[in-house]
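Residue strings, one per chain:
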Amino acid sequence: MDQTSADQVRTAVRESYGAVARADSGCGCGPACCTPAELPAADILSRGIGYSESEVGAVPEGANLGLGCGNPQAIAALKPGETVLDLGSGAGFDCFLAARQVGDSGLVIGVDMTPDMLSKARANATKGGYANTEFRLGEIEHLPVADSTVDVIISNCVINLSPDKAQVFRDAFRVLKCGGRLAISDIVTTAPLPEEARRDLALYTGCIAGAAAAEEIGQMLAAAGFADIRIEAKDASRDFIRQWAPGRGVEDYICSASIEAVKPG
C-alpha cells in the first residue's frame, strides 16, 4: 500500500471511530455498522464473543462499545504487577479489565489514535477510579512507549485496521521486555477477499477489508523476531461476523482468531 493510500485509510478509520465515540454508545451489531445502539446491545455482543457477564458488568458505563471480535483477556494470563499495553484501546474496556488483574502494583497503558476515544477512556478511568491506567495518543505503528518496558501486549480487533501490520509487530517487539508476550484477538482471512471488497473503505473501517491471512500474520511476527507463535482461527465467529455486513457474504472469507507470541529472552 502506498503512503497516500495508507494515509487515506488512517483518516477514514480515525473519522469512523471518532464518530462512534461521540455517539455516546457502541455499535451494537459489530464494528462494521458504526451505528449508535443502546449500550446493553454492546454488552450482549461482548458476551457473545467470549466475555463473561461479570467482566461486562465490571467496567464503567460507556467503556464497552461492543467493537471487539474476541476476548484477549482469556489468553493473556495477566499477573499482579505486570505492565500491560492495549493497542487501539478505544473507550477503555479491555484496559479496565486488565487493570483489575494487574492490581495497584501494575500499570495498563492504552494507545489510540482517535482523540475522541482517548477523551472517553480518560473520563471512564476517572469515573471508575482506575489510578493504574493511562491513555496515550498515538498510532500503533509508532507507539509512544519506551523500549523494553511492557510485559504483555493485548489488542482487540484493531491490527486489521492498520495499513502497515508488519510495522505494528516490529514496534510491539521493541516495547516488550524479553520474555514479554502478545495476546491478541483479531480478524484473519480464510480465503482471498474479492477485490471489490478490498477496495471498499467502509469494509476496511469495519474490520473486514484490511484483514490478512493467518499465515501472513505468522510470517510478519516471525520477521519481527517473535517466537512461540500460535494463531487459532475461530470458525464459530462467522455467526456474528455475518451481522457486520449483512448480505455481503463476508463471513465466507474472514473469521476471528486468537494470536499469541513471545519475545525471546
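Coordinates for the structure precede this section.
This write-up is about the structure you can find in this document. Keep in mind that what you see is a predicted model, and the values were worked out from it rather than measured. (Residues numbered from 1 in each chain as written. Predicted model: local features only at pLDDT ≥ 70, side-chain atom pairs only at ≥ 80, totals over all residues. Heavy atoms only, no water.)

Here we look at the packing of aromatic side chains
Spelled out, the test is: In this scheme Phe, Tyr and Trp rings, the latter by its six-membered ring, pair at centre separations within 6.5 Å, and the angle between planes marks the pair as stacked below 30 degrees, edge-to-face above 60, and tilted otherwise. Only runs of H or I of at least four residues qualify as helices and only runs of E of at least two qualify as strands under DSSP, and these elements are numbered from the N terminus. To sort residues, take the accessible area from a 1.4 Å probe on protein chains only and compare it with the maximum for the residue type: under 20% means buried, over 50% means exposed, and anything in between is partly exposed. In our convention, an over-ring charge means Lys NZ or Arg CZ found within 6 Å of a ring centre and within 35 degrees of that ring's normal.
Within the structure shown, the criterion is met by five aromatic pairs. Arranged with centres 4.8 Å apart and planes meeting at 50 degrees, the rings of tyrosine 51 and phenylalanine 93 form a pair that is tilted. Taken as a pair, tyrosine 51 in the loop between helix 2 (39-48) and helix 3 (53-58) and phenylalanine 93 in helix 5 (residues 93-102) lie far apart in primary sequence, 42 residues in all. With a relative accessible area of 8%, phenylalanine 93 lands in the buried category. Note on phenylalanine 240 and tryptophan 244: the rings are 5.9 Å apart at their centroids and 50 degrees apart in plane angle, and the pair reads as tilted. Residues phenylalanine 240 and tryptophan 244 agree in their burial class; the two are buried. Members of the aromatic cluster, connected to one another through ring pairs, are Phe96, Tyr130 and Phe135. One Lys or Arg, lysine 263, reaches over the ring of phenylalanine 173 and ends 4.7 Å from the middle of that ring.

Focus: the pattern of salt bridges
For side chains bearing opposite charge, pairing can occur when the charged atoms are close. Put simply, the rule reads: A pair is scored as a salt bridge if a Lys or Arg side-chain nitrogen falls within 4 Å of a carboxyl oxygen belonging to Asp or Glu.
Taken as a whole, this structure holds 17 salt bridges when the rule is applied. A salt bridge links arginine 174 to aspartate 171, with the nearest nitrogen and oxygen atoms 2.7 Å apart. Residue arginine 174 and its partner aspartate 171 are both found in helix 7 (residues 165-175); the two are separated by three residues, about one turn of the helix. Residue classification places aspartate 171 among the buried residues on the basis of a relative accessible area of 8%. Residues joined by salt bridges that share partners form a network here, namely Asp7, Arg10, Arg14, Glu139 and Glu141.

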